[in-house]
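Overview (structure and organization)
Each chain, letter by letter, is given below.
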Amino acid sequence: MTGQTSAVTTVPLKMRSLLTLVLLMFMPLLAACGFNTIPTNEEKAKAAWSEVLNQYQRRTDLIPNLVETVKGYAAHEQETLTAVIEARSKATQTQISPEMLNNPELFKQFQDNQANLSSALSRLMVVVEKYPDLKANQNFLALQSQLEGTENRIAVARRDYIEAVRVYNTGLKTMPTMLWKTLWFWNNEPMPTFTIDPASQAAPKVQFN
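Below: a short report on this structure. Worth saying up front: this structure is predicted, and the values here are computed from it rather than measured.

**Things to note about the packing of aromatic side chains**
If you walk through the whole model with that rule in mind, you get eight aromatic pairs. Geometrically, the ring pair formed by Trp-49 and Phe-107 is tilted, given 5.2 Å between the ring centres and 40 degrees between the ring planes. Within this pair, whereas Trp-49 is found in helix H2 (residues 37-73), its partner Phe-107 is found in helix H4 (residues 104-128), the two being separated by 58 residues in sequence. For Trp-49, a relative accessible area of 0% corresponds to the buried category.

Encoded structure:
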């Protein structure tokens, strides 16, 4: 009996060992023929999107101090100040996590809200031109410099995301990775990218020279 039991338990062990060996042998082949390309490019695109969100959040965090500083010199410009505050509020209402990137409608709403905030900031900077004392204020100059740097970072982060999405989306419809999309990664869908008019995505002009 003991011998029979030993034979029964050894067969599955041998089979598992054989399967493991086969998988190890085929892993380099799978990697070489693009099996890992889709998930790798997907993670790169998600990481690039996280950086876009990070930079937009940095801009959002600057706005309350910026508005308060302007208000100290131009309190009667209430319409413009209110527009910035409302645009900021809408921009924070729509947040897209990397896992939600396959929702084109939500992505468009996010873009539109951020574009509206950029437009409101542009109008605020036009108002600032009328107040020389405000333009010379050290606190405002520091905020202006931070805002300018943030807008540049947003542009770079957005560019990197667009490139990462281009690579990922291309892999879903070109050989050999499209075969893996059909056979294995059938749930993966193309990610949206920034497609609205470039003028509405332009960074607010914050130069005062």
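Next, the rest of the story.
**Some points on H4**
For an α-helix, the turn length of 3.6 residues means that residues three or four places apart are oriented alike. The end-to-end C-alpha separation of H4 is 36 Å, in line with the 36 Å expected for 25 residues at 1.5 Å each. Measuring from the backbone nitrogen of Glu-105 back to the side-chain oxygen at the start of H4 gives 3.2 Å, which picks out Asn-103 as the cap.

**A word on the environment of Val-165**
Here Val-165 lies in helix H6 (residues 138-172). Its relative accessible area of 2% is what places Val-165 among the buried residues. Sequence-wise, Val-165 and Asn-41 are 124 residues apart; in three dimensions their C-alpha atoms are separated by 8.0 Å. With residues near it in sequence (within four places) discarded, Val-165 still touches Ala-45, Met-191, Pro-192 and Thr-193.

**Remarks on the pattern of salt bridges**
Counted according to the given criterion, the structure contains nine salt bridges. Across the pair Lys-130 and Glu-77 runs a salt bridge, and its minimum N-O distance is 2.9 Å. A residue pair is termed long-range when its members are at least 10 positions apart, and Lys-130 in the loop between H4 and helix H5 (132-136) and Glu-77 in the loop between H2 and helix H3 (78-93) qualify at 53 residues. For the salt bridge of Glu-189 with Lys-181, the shortest nitrogen-to-oxygen distance reads 3.8 Å. A residue is classified by how much of its surface remains accessible, and Glu-189, at 39% relative accessible area, is partly exposed. With relative accessibility at 15%, the residue Lys-181 sits in the buried group.

**Section: the environment of Thr-60**
Of note, Thr-60 is situated in helix H2. Sequence separation between Thr-60 and Gln-114 is 54 residues; the distance between their C-alpha atoms is 9.8 Å. Not counting residues within four places of it along the chain, the set of residues in contact with Thr-60 comprises Arg-88 and Thr-92.

How each quantity is defined
- Residues numbered from 1 in each chain as written.
- Predicted model: local features only at pLDDT ≥ 70, side-chain atom pairs only at ≥ 80, totals over all residues.
- Heavy atoms only, no water.
- Phe/Tyr/Trp six-rings, centres within 6.5 Å; stacked < 30°, edge-to-face > 60°.
- Helix = DSSP H or I, 4+ residues; strand = E, 2+ residues; numbered from the N terminus.
- Buried < 20%, exposed > 50% of the residue type's maximum accessible area, 1.4 Å probe, protein only.
- Expected span 1.5 Å × (residues − 1).
- Polar contact = N/O pair within 3.5 Å; in protein donor to acceptor, adjacent residues only side chain to side chain.
- Contact = heavy atoms within 4.5 Å.
- Salt bridge = Lys/Arg side-chain N within 4 Å of Asp/Glu carboxyl O.

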